[in-house]
Amino acid sequence: MVLQELGSKINSALSKLNTATVIDEETIDEVLKEIAKALLSSDVNVRVVAEVRNNIRKEVLSEAAAGGATNKTRQIRNAVFSELVRLLSPSKEPFTPKRGRCNVFMFVGLQGSGKTTTIAKFANYWARKGWKTAMVCCDTFRAGALDQIKQNAIKLHIPYYGNPLEADPVKLAEEGTEHFRAEKYEIILVDTSGRHHQESELFEEMEQVQGVVQPDEVIFVMDSTIGQAVAEQAAAFKASVPVGSVIITKLDGHARGGGALSAVAATDAPITFIGTGEHFDEFEKFDANSFVSRLMGMGDVKGLMEKLKDTKALEKAPEMMERMQKGQFTLRDLRQQFQTVMGMGNLGQVMSMIPGMSQMMQGQDSDQATKRIQAFMTCFDSMTEDELDCIFKVRKPDPSKPGEYITTFEKTLSESRMRRIAKGAGVPLEGVLALMQSHKQFEGMVQKMGKSGLMNEKQMQQNMKRNPGALMEQLQKSMDPRMLQQMGGTGNLMNLMKQMDMGAMGDMMKQMGGMGLPGMGGGGGGRGGPKRR
Ligand SMILES: Nc1nc2c(ncn2[C@@H]2O[C@H](COP(=O)(O)OP(=O)(O)OP(=O)(O)O)[C@@H](O)[C@H]2O)c(=O)[nH]1
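Because the structure is a prediction, the values reported are computed rather than measured.

What counts and what doesn't
- Residues numbered from 1 in each chain as written.
- Predicted model: local features only at pLDDT ≥ 70, side-chain atom pairs only at ≥ 80, totals over all residues.
- Helix = DSSP H or I, 4+ residues; strand = E, 2+ residues; numbered from the N terminus.
- Buried ≥ 20, exposed ≤ 12 C-beta atoms within 10 Å, placed from the backbone.
- Contact = placed C-beta atoms within 7 Å.
- Pairing = 2+ DSSP bridges.
- Near = placed C-beta within 6 Å.
- Core = buried A, V, L, I, M, F, W, Y, C linked by C-beta atoms within 7 Å.
- Domains from an automatic or database assignment.
- Axes fitted to C-alpha atoms, helices over the stretch in contact; angles between N-to-C directions.
- Left-handed = near helix turned anticlockwise from the far one by under 90°.
- Nonpolar A, V, L, I, M, F, W, Y, C, P; charged D, E, K, R; others polar.
- Right-handed = clockwise from strand over helix to strand, strands pointing away.
- pLDDT = per-residue confidence, 0-100.
- Expected span 1.5 Å × (residues − 1).
- Arc of directions from axis to C-beta.
- Parallel < 35°, antiparallel > 145°, perpendicular 65-115°, else oblique.

Looking at the overall build of the chain
For step 1, the next point in the chain: Within the chain, the secondary structure is distributed over 26 helices and ten strands.
For step 2, the next point in the chain: Across the 533 residues that make up the chain, the buried fraction comes to 46%.
For step 3, the next point in the chain: Excluding contacts between residues fewer than 6 apart, the proportion of contacts in the chain whose partners are at least 24 apart in sequence is 74%.

Okay, structure coming up:
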């Protein structure tokens, strides 16, 4: 996840509260000092850090700490959460495109900020949602810009407009947008030239392009690696063209990202997306609540549900959903779940959205996890249809009729079958064993959740109304204790459930039930093997 280091530093400061016997002013100050240090190392402005620290301190000390240390810990966690959200919340709403009309976006920014890459990511985002999308290249300054747009457009199957013989960017912008307006494109993206510095020539050209294109939104693309200095850049661009929103790029693993985010948020141009890598799917919608939630390892259920809806995974597999509600979970179901996870984009990003998962992912490279899932997929390809359905037929000699055989059903895959699968998939036997272990763990979780009605939306809704305490207890029993702890314990889980609608919670539980990711136990391993059908 982006700014993972900042998140883990904040969490490690907060974890001191778990071990403290008394939470007095001194303990709180110590924790706040560490949080402030973490923010400063992310390049957040000194004055802003002092303000954040004071606000949290005031809030925590003013509230009576009924319920002792646990309550106080929750109070501090909540205060840190809301202060960070406040720090990153813009005061203005960004433009939202409307269906059935042309929505024109013009992208501006300095050279190398990641503008062209961002346009491709932005185009991909909307095209995947089913919007008729096109790109216009009027960057005549950088020789390779048109080629870059062309290559991206081909990869993404999105039309583009450009003319290598035309040197006038204003003319290109006008022709390109007119062309796609006439064709009734819903999302039209205009790339403009970047320069090394904020030169007056760049600003003049930008103003002229803006005049002919008449965009619905001007998006300023900014490189986060310059830290809090982004505020000055944003202000300079805003003074020339009506910047409506900002996209911050290169937030992957750069220590100064915190400064960039907070500085832009303070300029009242909302940050709409963040770039977290060079690939098209390394692009995230920015929402301060979700972002801080993930930063603090509390997940982003809203974002996860949005991603799930995009993949249409749950609609695609009604039978699987029905089976899971009964607590059944076959290898075929596990394969479907892995396919969904892979289709949701960058694995590290997806994992950080699942409450409690980001901490458990720590130390695990998301590339490694992706490779492991890919190896699992090749194992599935080597399985027979019966094996995928967990019907493990075994031919055994019939003791009552010598010379004859009977077919029995075993609950576990025999070693000889596993060897055959491993050979077919070109993986060591341990690879198949790991897959079977993963299936067993998550089958156990699905069985527990299915039995207690946690996968049935209606039942969940009723239980939440009738007896939320009992529902919490059921959830607690079905979850890995480490995950629950990372989610801030039962209290936080309860808050989470109150915030979201129960249908979404049911969907999330189904999805989590299938996320048999390496190294992550799901409910401590289920007993009872696959169902014989
Ligand atoms: N790590 C990382 N690299 C990025 C990201 N976005 C863009 N880049 C890289 O940044 C470099 C510059 O990106 P471009 O899209 O070519 O930049 P540009 O702003 O269009 O440049 P001009 O057209 O010259 O103005 C490329 O190597 C991109 O792959 C990001 O979010 N993370």
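Regarding the pairing of strand 9 (residues 392-397)
For step 1, the next point in the chain: In terms of burial, strand 9 is largely open, as just zero of its six residues are buried.
For step 2, the next point in the chain: By the bridge criterion, six bridges tie strand 9 to strand 10 (residues 405-410) in an arrangement that is antiparallel. Its bridge partner lying in strand 10, Pro397 is registered against Tyr405.

With respect to the site of the ligand
For step 1, the next point in the chain: Close to the ligand lie 19 residues; Gly114, Lys115, Thr116, Gly194 and Gly275 are nearest.
For step 2, the next point in the chain: The greatest single-element share of the shell around the ligand, amounting to three residues, is contributed by helix 5 (residues 115-128).

Some details on the nonpolar core
For step 1, the next point in the chain: Residues Met135, Leu189, Val190, Phe220 and Val264 are the most contacted members of the largest nonpolar core, which totals 86 residues.
For step 2, the next point in the chain: Residue contributions to this core peak at seven residues, all from helix 4 (residues 68-88).
For step 3, the next point in the chain: The residues that make up this core include at least three from each of domain 1 (4-88) and domain 2 (103-296).
For step 4, the next point in the chain: Beyond its immediate stretch of four places on either side in the chain, Leu189 contacts Phe105, Phe107, Ile119, Phe122, Ala123, Met135 and Val136.
For step 5, the next point in the chain: One finds Phe329, Val341, Ala425 and Met445 within the second-largest nonpolar core, a separate group that totals 21 residues.

Notes on the packing of helix 9 (residues 230-240) against helix 10 (residues 257-265)
For step 1, the next point in the chain: One can describe the packing of helix 9 onto helix 10 by two numbers: an axis separation of 8 Å at closest approach and a directional angle of 35 degrees. Relative to helix 10, the crossing made by helix 9 is right-handed. Here Val230, Ala231 and Ala234 of helix 9 come into contact with helix 10, specifically with Ala260, Ala263 and Val264.
For step 2, the next point in the chain: Residues that form the contact of helix 9 with helix 10 fall into these classes: six nonpolar, no polar and no charged.

Brief notes about the environment of Ile421
For step 1, the next point in the chain: Relative to the helices and strands, Ile421 resides in helix 20 (residues 415-425).
For step 2, the next point in the chain: In sequence terms Ile421 and Phe380 are 41 residues apart; their C-alpha atoms lie 8.1 Å from each other.

Quick word on the pairing of strand 6 (residues 243-249)
For step 1, the next point in the chain: Counting buried positions over the seven residues of strand 6 gives seven, a clear majority of the element.
For step 2, the next point in the chain: Judged from the six bridges that link them, strand 5 (residues 217-223) and strand 6 form a sheet pairing that is parallel. Residue Val221 lies in a different strand from strand 6, and its bridge partner there is Ile247.
For step 3, the next point in the chain: For the crossover that starts at strand 5, traverses helix 9 and ends in the parallel strand 6, the hand is right-handed.
For step 4, the next point in the chain: Here three bridges tie strand 6 to strand 7 (residues 271-275), and the two strands are oriented parallel to one another. Across the sheet, the residue bridging to Ile247 is Phe273, located in strand 7.

Topic: the sheet that holds strand 3 (residues 160-161)
For step 1, the next point in the chain: A sheet is described by the order of its strands in space; here eight strands give the open sequence 3-2-4-1-5-6-7-8, paired in mixed fashion. Two strands close off the open sheet at either side, each with one partner strand: strand 3 and strand 8 (283-285).
For step 2, the next point in the chain: Where helix 5 meets the sheet, its contacts fall on strand 1 (103-108), strand 2 (133-137), strand 4 (187-191), strand 5, strand 6, strand 7 and strand 8, and the angle it forms with strand 4 comes to roughly 175 degrees.
For step 3, the next point in the chain: Docked against the sheet, helix 6 (residues 145-156) engages strand 2, strand 3 and strand 4, running at close to 165 degrees with respect to strand 2.

Structural notes on the confidence of the model for the chain
For step 1, the next point in the chain: Averaged over all residues, the pLDDT of the chain is 78; the fraction at 70 or higher stands at 75%.
For step 2, the next point in the chain: Across residues 513-533 the pLDDT falls below 50, and counting only partners more than four positions away or on other chains, this stretch makes 61 contacts in the model.
For step 3, the next point in the chain: Model confidence for the complex is summarised by a pTM of 0.68, with the ipTM given as 0.96.

Some details on helix 8 (residues 200-213)
For step 1, the next point in the chain: Given a rise of 1.5 Å per residue, 14 residues ought to cover 20 Å, and the 20 Å separating the end C-alpha atoms of helix 8 matches this to within 8%.
For step 2, the next point in the chain: Residues Leu202, Glu205, Met206, Val209, Gln210 and Val213 constitute the buried set of helix 8. The buried side chains of helix 8 occupy one side of the element, clustering within an arc of 140 degrees when seen end-on. In helix 8, the exposed positions angled more than 90 degrees off the buried face are occupied by Ser200, Glu201, Glu204, Glu207 and Gly211.
For step 3, the next point in the chain: Against the buried residues of helix 8 lie strand 1, helix 7 (169-182), strand 4, strand 5 and helix 9.
For step 4, the next point in the chain: Positioned one or two residues after helix 8, Gln214 has a phi angle of 50 degrees, which is positive.

Thoughts on the packing of helix 5 against helix 6
For step 1, the next point in the chain: In the contact formed by helix 5 and helix 6, the axes pass within 10 Å of each other and the chain directions differ by 25 degrees. Judged by the angle between their axes, helix 5 and helix 6 are roughly parallel. The two elements helix 5 and helix 6 meet at a crossing, and its hand is right-handed. The segment helix 5 lies against helix 6, with Thr116, Ala120, Ala123, Asn124 and Ala127 engaging Ala145, Gln148, Ile149, Asn152 and Leu156.

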